[in-house]
Amino acid sequence: MNILISNDDGYQAPGIVALYEALRDLGRVEVVAPEQNNSAKSNALTLHSPLYVHQAANGFRYVNGTPADCVHIALTGLLDYRPDLVVSGINNGANMGDDTIYSGTVGAAMEGYLMGIPAIAFSQTERGWKHLDAAAARARALVESLIQQQRVGMGAPWLLNVNIPCLPADQLKSLKVCRLGRRHAAERVITQASPRGETMYWIGSAGAAKDDADGTDFHATMQGHVALTPLQVDLTDHDNLSAWSDFKWALPVT
Ligand code: MN
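Residues numbered from 1 in each chain as written. Predicted model: local features only at pLDDT ≥ 70, side-chain atom pairs only at ≥ 80, totals over all residues. Heavy atoms only, no water.

## Quick notes on the coordination of the manganese ion
Basically, it comes down to this: Only nitrogen, oxygen and sulfur atoms within 2.8 Å of the metal, or 3.2 Å for Na, K and Ca, are treated as donors, and water is left out, so sites may look incomplete. A run of H or I in DSSP becomes a helix once it reaches four residues, and a run of E becomes a strand once it reaches two; helices and strands are each numbered from the N terminus. Each residue gets one of three labels from its accessible area relative to the maximum for its type: buried under 20%, exposed over 50%, partly exposed in between, using a 1.4 Å probe on protein chains only.
On the protein side, the manganese ion has Asp8 (OD), Asp9 (OD), Ser39 (OG) and Asn91 (OD1) as donor atoms, found 2.1 to 2.3 Å from it. If you list the donors of the manganese ion from N- to C-terminus, the spacing comes out as D-D-x29-S-x51-N. With a gap of 30 residues between them, Asp9 in the loop between strand E1 (2-6) and helix H1 (14-23) and Ser39 in the loop between strand E2 (28-34) and strand E3 (53-55) connect regions that are remote in the sequence. Judged by its relative accessible area of 12%, Asp9 falls in the buried class.

Below you can see the structure in the form of structure tokens.
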């Protein structure tokens, strides 16, 4: 079993160290991760500057790029083998509902998925690494179970988004398969004066959950469950495809 690990918090983040330690005896397990924090970089690729790969004393390789860069170059030339599984995380904070669009943690996993490899994104639901050991143990159990049931290394690739509540192991509840919830629009942008009198803008926090009904990731994690959502990448609005086809365009349409 060959497992590639990446993240968006950077190669020194406690979450990726814990994930590596939890998975390392499952096979050949390697880390290729961003040098700096790349949270909210989604699927961004670096096209207009060179990427460099360096190796840390613990064997982790780090890249001056985005999460998707890391997985992309790992799979297209850096590694001399094809991983069976790409695992991203464990992220410092939730990636639920609309967060998944912006998430670099999901972006790294999605890059593996787009390259035809099964992939999982793991996140803790709160920032601060509380009970990280319990989250890593759950991640390990989940990966092990997928391997045992032969869902890794054969068949069509899949993409799983997993959010783990920050609870001690004995309080973490069972795995729940959920749909993504929705968030309210984000908080207001924050402005400050720079030392040179210019206005600086800071992107505000994500909004509170708007749809956290039973069956969503928000609901499951609030109840202490580990939330798992299978993701797809097709952005087509299938529900409205025929409505747009029937629209009376004032221009030629085929
Ligand atoms: Mn992050």
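Right, picking up where we left off after that structure.
## Overview of the nonpolar core
Generally speaking, soluble globular proteins have nonpolar side chains that are buried together. Selection criterion: Throughout this description, the term nonpolar core refers to a set of buried Ala, Val, Leu, Ile, Met, Phe, Trp, Tyr and Cys residues connected via side-chain atoms within 4.5 Å. Throughout, a residue-residue contact means that at least one pair of heavy atoms, one from each residue, lies within 4.5 Å.
Counting residues in hydrophobic clusters, the biggest one holds 37 residues, and the most contacted among them are Ile3, Ile5, Ile120 and Phe122. Every element with two or more residues in this core is listed here: E1, H1, E2, strand E5 (85-92), strand E6 (119-124), helix H5 (132-148), strand E7 (159-164) and strand E13 (226-230). Once residues within four sequence positions are removed from consideration, Phe122 is found in contact with Leu19, Val87, Ser88, Gly89, Ile90, Asn91, Thr105, Ala139, Leu142, Val143, Val162 and Ile164. The next biggest cluster of nonpolar side chains, apart from the first, holds 19 residues, and it includes Val63, Ala74, Ala119 and Leu231.

## Some words on the layout of surface pockets
This is how the line gets drawn: A pocket, in this scheme, is an open set of points on a 1 Å grid over the protein atoms alone with protein on both sides within 12 Å along at least 5 of 7 lines, while a cavity is a set where a 1.4 Å probe fits but cannot get out; residues line either one if an atom lies within 4 Å of a point. Grid points are joined across faces, edges and corners, and a volume is the space filled by probe spheres set on the points. Charged means Asp, Glu, Lys or Arg here, nonpolar means Ala, Val, Leu, Ile, Met, Phe, Trp, Tyr, Cys or Pro, and polar covers whatever is left, Gly included.
Its volume calculated, the largest pocket comes out at about 740 Å³. Together, 27 residues line the largest pocket, and Ala40, Asp99, Tyr102, Ser205 and Ala206 are the ones closest to its centre. Of the voids in this model, the second largest pocket is the one considered here, and its volume is about 430 Å³. Ile101, Leu180, Gln232, Asp234 and Leu235 are the residues nearest the centre of the second largest pocket, which is lined by 15 residues in total. Considering only residue class, the lining of the second largest pocket consists of six nonpolar, six polar and three charged.

## Considering the packing of aromatic side chains
Cut-off, in case you're wondering: For this analysis, a ring pair means two rings from Phe, Tyr or Trp (six-membered ring only for Trp) whose centres lie within 6.5 Å, classed as stacked if their planes differ by under 30 degrees, edge-to-face if by over 60, and tilted for the remaining angles.
Within the structure shown, the criterion is met by five aromatic pairs. On the numbers, 5.9 Å between centres and 55° between planes, the contact of Trp244 with Phe247 is tilted. Residue class for Phe247 comes out partly exposed when judged on its relative accessible area of 44%. For the pair Trp244 and Trp249, a centre-to-centre distance of 6.0 Å together with 25° between the ring planes defines the contact as stacked. For Trp249, a relative accessible area of 38% gives the class partly exposed. One aromatic cluster is present, formed by Trp244, Phe247 and Trp249 through successive ring pairs.

## As for the packing of H1 against H5
Keep this limit in mind: Lines fitted to the C-alpha atoms define the axes, with helices restricted to the stretch that makes contact. Angles between their N-to-C directions range from 0 to 180 degrees. Roughly parallel covers angles under 35 degrees, roughly antiparallel covers those over 145, roughly perpendicular covers 65 to 115, and oblique covers all other angles. Handedness of a crossing follows from how the near helix is turned relative to the far one, being left-handed for an anticlockwise turn of less than a right angle and right-handed for a clockwise one.
Packing of H1 against H5 leaves a shortest axis separation of 9 Å and a crossing angle of 45°. When the axes of H1 and H5 are compared, the pair comes out oblique. The handedness of the crossing between H1 and H5 comes out as right-handed. Taking contact as the criterion, the partners of Pro14, Gly15, Ala18, Leu19, Ala22 and Leu23 in H1 are, on H5, Leu132, Ala136, Ala139, Arg140 and Val143. Each residue belonging to the contact of H1 with H5 can be placed in one class, and the counts come to nine nonpolar, one polar and one charged.

None of the figures reported here should be taken as evidence of function without further support.
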